[in-house]
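Observations on the model geometry
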Amino acid sequence: MKEEIFQLLFAQAREMGEETGQTNLLNPTVETKLYHRDGNLDSLGLVTFIAGVEEKISDKFGVDILIVDEKAMSQVSSPFISVQSLADYVEKLLQNESGE
Amino acid sequence: MSTVAIITGTRKGLGRELCLHYLQQGFMIAGCSRGESSIDHPNYDHYSLDVSEEKKAVAMIREVYRKHGKIDVLINNAGIASMNPIPLSPASTALRILNTNYIGTFIFLREVGKIMLKKKYGRIVNFTTVATPLKLEGEALYASSKAAVETLTKIASREFASSGITVNAVGPTPIPTDLIKNVPKDKMEALLAQQAIKRFGNVDDLKNVIDFFISEKSDFITGQVIYLGGVTN
Ligand SMILES: NC(=O)c1ccc[n+]([C@@H]2O[C@H](COP(=O)([O-])OP(=O)(O)OC[C@H]3O[C@@H](n4cnc5c(N)ncnc54)[C@H](OP(=O)(O)O)[C@@H]3O)[C@@H](O)[C@H]2O)c1
């Protein structure tokens, strides 16, 4: 499942890279920073990114997860800092969903 | 292509009237209320849910998006009121009112807003009331919940402004529906007397404001609260 999540986040990053011309997003890796001081997204970019990920998760896994977090804007503990942290977070949400 | 709208609180009252009005204009509409549907129309889908139930609301909104591929308009109409002096008001009532009026509006605005972001277009209309600017005694819980909706409207209008999404609110005067049927006559007359134009509102007055807010041409109108009847802040 994790690999599928990574692929889905990469696809979203590339889409946004094409839209914004951000080269870092065009060739994403697990280390690619999303919302971070050295990141590639501003807060509106992050919101758009997350909305796209929610839709892709729904298409791929057939479940509606809600990606929101109180610490979204934190520079230390936000799940939205990098592709890796977001993938971990999404995986957890999907596991919770299937455990319900 | 038809305009796709979500209207909350469509079983009865103003939400139902608005829904029928926009169906007549050819909109595709998804509506919701706790109760069953009272509208039978090929372009109308009903969801029986409480607007403050996050999971159900999210599932509804995503289903509407999957079906139509877009959501152009959101009318956050579902609302409840309570008339009671503060010393006699249970905290459970405060919570119930906040849940429907504020949390429900917030959840729909957030979820539909995210979908509108993708299309870089959207029109969101929230519901407040003249009880808020008039600071009506006996309506503290209701008017405060709508004050929260007004602030949400203004901040959301800024957060979404660069994405072609407008967020405004309409504040009706009393319009005869079940919502106000238990308000004593003398209280109602005193309220009408505080309006610049001293009469009950009607559904056409409301439609007029919402038609304006959701018009494609109103792309430079956002963060505004329009009260009926000449009430001002
Ligand atoms: N009428 C007025 O004088 C007046 C004045 C100022 C502002 N407003 C505002 O206008 C809006 C509509 O009021 P109205 O007069 O049409 O009231 P209404 O006749 O009591 O109708 C309320 C509608 O909202 C639905 N609803 C209530 N709670 C809900 C919940 N938790 N989840 C989903 N649906 C819910 C109801 O259906 P169910 O019971 O099936 O859930 C019903 O369809 C409200 O926001 C109100 O504050 C009205």
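Residues numbered from 1 in each chain as written. Chains lettered and ligands numbered in written order. Predicted model: local features only at pLDDT ≥ 70, side-chain atom pairs only at ≥ 80, totals over all residues. Heavy atoms only, no water.

Further remarks concern the interface of chain B and chain A. Each partner contributes to the interface: chain B provides 16 residues, whereas chain A provides 15 residues. Taken together, both faces of the contact between chain B and chain A bury some 1,200 Å²; the carbon and sulfur share is 50%. Broken down residue by residue, the surface that chain B buries against chain A is led by Arg62, Lys114 and Lys118 of chain B, which jointly contribute 39%. Joining chain B to chain A, the criterion identifies 7 salt bridges. Asp64 of chain A serves as the salt-bridge partner of Arg62 of chain B, at 3.9 Å between the closest nitrogen and oxygen. Applying the counting rule to chain B against chain A returns 9 residue pairs in polar contact (both at pLDDT 80 or more). (Contact = heavy atoms within 4.5 Å. Buried area = accessible area lost by both parts, 1.4 Å probe. Salt bridge = Lys/Arg side-chain N within 4 Å of Asp/Glu carboxyl O. Polar contact = N/O pair within 3.5 Å; in protein donor to acceptor, adjacent residues only side chain to side chain.)

This brings us to the side chain of Asn76 of chain B. Residue and element names in this part refer to chain B. Looking at the secondary structure, you find Asn76 in strand 4 (residues 73–76). For Asn76, a relative accessible area of 2% gives the class buried. Not counting chain neighbours up to four residues away, the residues in contact with Asn76 comprise Thr8, Gly104, Thr105, Phe108, Leu109, Ile124, Val125, Asn126 and Phe127. (Helix = DSSP H or I, 4+ residues; strand = E, 2+ residues; numbered from the N terminus. Buried < 20%, exposed > 50% of the residue type's maximum accessible area, 1.4 Å probe, protein only.)

This part covers the sheet that holds strand 5 (residues 122–127) of chain B. Residue and element names in this part refer to chain B. The strand order 3-2-1-4-5-6-7 describes an open sheet built from 7 strands, whose pairing is parallel. Looking at strand neighbours, the two that pair on one side only are strand 3 (44–48) and strand 7 (225–227), the edges of this open sheet. Going from strand to strand, the sheet's axes swing by 15° on average, the running direction of each strand aside. Alignment of strand 6 (residues 165–171) against strand 7, held across 3 bridges, turns out to be parallel. Its bridge partner being in strand 7, Ala169 is matched across the sheet by Val225. Set on the sheet, helix 1 (residues 13–24) makes contact with strand 1 (4–8), strand 2 (28–33), strand 3, strand 4 and strand 5; between it and strand 1 the angle comes to about 165°. (Pairing = 2+ DSSP bridges. Axes fitted to C-alpha atoms, helices over the stretch in contact; angles between N-to-C directions.)

Moving on, we get to the site of the ligand. Residues and elements named next belong to chain B. As a structural note, the neighbourhood of the ligand is formed by 30 residues, with Arg11, Leu14, Arg34, Tyr142 and Thr177 the closest of them. In the model, a nitrogen atom of the ligand is placed 3.0 Å from a nitrogen or oxygen of the Val51 main chain. Between the ligand and the protein, one listed contact pairs an oxygen atom with a backbone N or O atom of Ile175 at 2.7 Å. Taking 880 Å² as the accessible area of the ligand by itself, protein coverage stands at 96%. Contributing elements (two or more residues each) for the shell around the ligand: helix 1 and helix 5 (140–159). (Near = heavy atom within 4 Å. Areas by Shrake-Rupley, 256 points an atom, 1.4 Å probe, with all protein chains shown as cover.)

Attention now goes to the pairing of strand 6 of chain B. Residues and elements named next belong to chain B. The element strand 6 is extensively covered by neighbouring structure, given that 7 of its 7 residues are classed as buried. Taking every second residue as pointing to the same face, both faces of strand 6 are buried, with Ile165, Val167, Ala169 and Gly171 on one and Thr166, Asn168 and Val170 on the other. Two strands pair when backbone bridges link them, and strand 5 and strand 6 are joined in this way by 6 bridges, in the parallel orientation. By the bridge assignment for strand 6, Phe127 is matched with Val170.

Residue and element names in this part refer to chain A. Running from N to C, helix 1 (residues 2–20) and helix 4 (residues 83–99) cross one another at 125°; their axes reach a closest spacing of 10 Å. Accordingly, the angle class assigned to the pair helix 1 and helix 4 is oblique. Pair helix 1 / helix 4 crosses with right-handed handedness. Here Lys2, Ile5, Phe6, Leu9 and Phe10 of helix 1 come into contact with helix 4, specifically with Val83, Gln84, Leu86, Ala87, Asp88, Val90, Glu91 and Leu94. Here the contact of helix 1 with helix 4 is composed, by residue class, of 9 nonpolar, 1 polar and 3 charged. (Parallel < 35°, antiparallel > 145°, perpendicular 65-115°, else oblique. Left-handed = near helix turned anticlockwise from the far one by under 90°. Nonpolar A, V, L, I, M, F, W, Y, C, P; charged D, E, K, R; others polar.)

Residues and elements named next belong to chain B. Positive phi, close to 55°, is recorded for Lys120, a residue that is not glycine. A positive phi angle, near 50°, is found at Lys135, a position not held by glycine. Within the secondary structure, Lys135 sits in the loop between helix 4 (131–134) and helix 5.

Honestly, it's all geometry; don't read function into it.
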